[in-house]
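Here is how the chains run, residue by residue.
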Protein chains: 2
Amino acid sequence: MASTPTSGSQSRHSLGLLAHLARVAQREGESLPDERGLRPRHYVVLTLLRDHGTATQRGLAEALRMDPTNVVGALNDLESRECVVRRRDPEDRRRHIVEVTDTGVEALAEWERALAEVEDRVLGALSEDEREQFHALLIRAAGGQLPPGACAEADQAPPAC
Amino acid sequence: MASTPTSGSQSRHSLGLLAHLARVAQREGESLPDERGLRPRHYVVLTLLRDHGTATQRGLAEALRMDPTNVVGALNDLESRECVVRRRDPEDRRRHIVEVTDTGVEALAEWERALAEVEDRVLGALSEDEREQFHALLIRAAGGQLPPGACAEADQAPPAC
DNA sequence: ATAATCGTTTGTGCTATACCAATGATCTAT
DNA sequence: ATAGATCATTGGTATAGCACAAACGATTAT
């Protein structure tokens, strides 16, 4: 084979595993019914908004690595269901400040409740402790990915934020 | 809110973060040129084959959560580039046993080399130790997802396999 | 006044993928 | 031996998610 004898950093190729696991989760959870007609991408927006507070749409697009035009669409869907509101930014009236509503928070909570079962299946091989670690690492890793002041999943105010 | 105030398990919603991180990685790495004309999905197949040894196509489809017909296509691409070989299973001549070739291993190694830079960006917020932990957890989690006897990323012979 | 920016709409196209149907080879069971 | 199931394969269809481009109104900055 290609040698690589030692043990530590030679095969730390996590990205493939990460993608695979995400894929498993997606397929596992795509059967989740949602009476609201919202799709996963809507919930990632909601998650960011809930955990970060507010954001401009441009900020959302950057943080979520989504195309700005698609953010608009997602927000339209969310707004028509009263899950978010758009206000004009008084400091720059071109901007919209997006905020999650109570309805949105509740919708997200429901979604997460349903997702918990999927998570049990996907991360079933992990012990309770390991899941805790895993979650903490995810937060740290993802935190490094949010360019502006955004901080997803900032439930317990991670230090970095 | 949904109460559950303590600290640990109330917000252990890892799936959203997982998906987000995978998305970031994908977008970050989609610019990776590949002179072989192989796409990420080809490499996940190669990865499984290298780390598990061999597999039937049906096994691959299950393990990778891919539709069997699409597996055929990926294998055709890989075989035409001499990255894998298909042999008939002597025990059941309907089956094909797929095996990665030296060329395939090398192609995968190249790909992983290129991917390492992306990984540095995506997991940049994690320390060396944390990345190690993260990788170990991913292996365990993903290992629980491989139904047959398949065991992806079995570098240091994880106990479960 | 001019140019740049933000959000928005519309449309276009690509990629990945699931899905269905049909076929030949092979295995299993009766 | 016959019948039915299974595996890999091929071909075709359909859909979802996205990126991307072009144009517009409103607003800000120069």
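Our subject in this report is the structure included herewith. Here the structure is a predicted model, which is why all the values come from computation and not from measurement.

**With respect to the protein's contact with DNA strand C**
As a matter of local geometry, DNA strand C sits amid 21 residues, with Arg27(A), Gln57(A), Arg86(A), Arg39(B) and Arg41(B) nearest to it. In the interface set of DNA strand C, defined as its atoms within 4 Å of the protein, sugar plus phosphate atoms amount to 73%. Interatomic distance of 2.3 Å between a side-chain N/O atom of Gln57(A) and a phosphate oxygen of DNA strand C. Contacts to DNA strand C include Asp67(B), whose backbone N or O atom sits 3.1 Å from a phosphate oxygen. Contributing elements (two or more residues each) for the surface near DNA strand C: helix H1 (14-29), helix H3 (57-64), helix H4 (68-80) and strand S3 (92-100) of chain A together with helix H4 (68-80) and strand S3 (92-100) of chain B. Of the residues belonging to the surface near DNA strand C, the class tally is one nonpolar, seven polar and 13 charged.

**A few points about the pairing of strand S2 (residues 84-89) of chain A**
Looking at chain direction, S2(A) and S3(A) are connected through six bridges and run antiparallel. Residue pairing for S3(A): Asp89(A) is matched across the bridge by Asp92(A).

**Quick look at the protein's contact with DNA strand D**
Near DNA strand D there are 21 residues, and of these Arg41(A), Arg27(B), Gln57(B), Arg86(B) and His96(B) occur at the shortest range. Near the protein, meaning within 4 Å, the atoms of DNA strand D are sugar or phosphate in a fraction of 76%, with bases accounting for the rest. At 3.0 Å from a phosphate oxygen of DNA strand D is found a side-chain nitrogen or oxygen belonging to Arg23(B). A distance of 3.2 Å separates a phosphate oxygen of DNA strand D from a polar backbone atom of Arg58(B). Mapped by element, the contributors of at least two residues to the surface near DNA strand D are H4 and S3 of chain A together with helix H1 (14-29), helix H3 (57-64), H4 and S3 of chain B.

**Describing H1(B)**
For H1(B), which comprises 16 residues, the first-to-last C-alpha distance of 22 Å matches the rise-based estimate of 22 Å (1.5 Å per residue) to within 8%. Along H1(B), the positions that sit buried rather than exposed are Ser14(B), Leu15(B), Leu17(B), Leu18(B), His20(B), Leu21(B), Ala22(B), Val24(B), Ala25(B) and Gly29(B).

**Points about the pattern of salt bridges**
Taken as a whole, this structure holds 23 salt bridges over all chains when the rule is applied. Across the pair Glu130(B) and Arg140(A) runs a salt bridge whose closest N-O atoms are separated by 2.7 Å. Taken together, the residues span two chains, with Glu130(B) in helix H6 (residues 128-143) and Arg140(A) in helix H6 (residues 128-143). The class for Arg140(A) is partly exposed, based on a relative accessible area of 38%. For Asp51(B), the salt bridge identified is with Arg50(B), shortest N-O distance 3.0 Å. For Arg50(B), a relative accessible area of 26% translates into the label partly exposed. In this structure, a network of salt bridges that share partners links the residues Glu28(A), Arg121(A) and Arg65(B).

Conventions adopted
Residues numbered from 1 in each chain as written. Chains lettered and ligands numbered in written order. Predicted model: local features only at pLDDT ≥ 70, side-chain atom pairs only at ≥ 80, totals over all residues. Heavy atoms only, no water. Near = heavy atom within 4 Å. Polar contact = N/O pair within 3.5 Å; in protein donor to acceptor, adjacent residues only side chain to side chain. Helix = DSSP H or I, 4+ residues; strand = E, 2+ residues; numbered from the N terminus. Nonpolar A, V, L, I, M, F, W, Y, C, P; charged D, E, K, R; others polar. Pairing = 2+ DSSP bridges. Expected span 1.5 Å × (residues − 1). Buried < 20%, exposed > 50% of the residue type's maximum accessible area, 1.4 Å probe, protein only. Salt bridge = Lys/Arg side-chain N within 4 Å of Asp/Glu carboxyl O.

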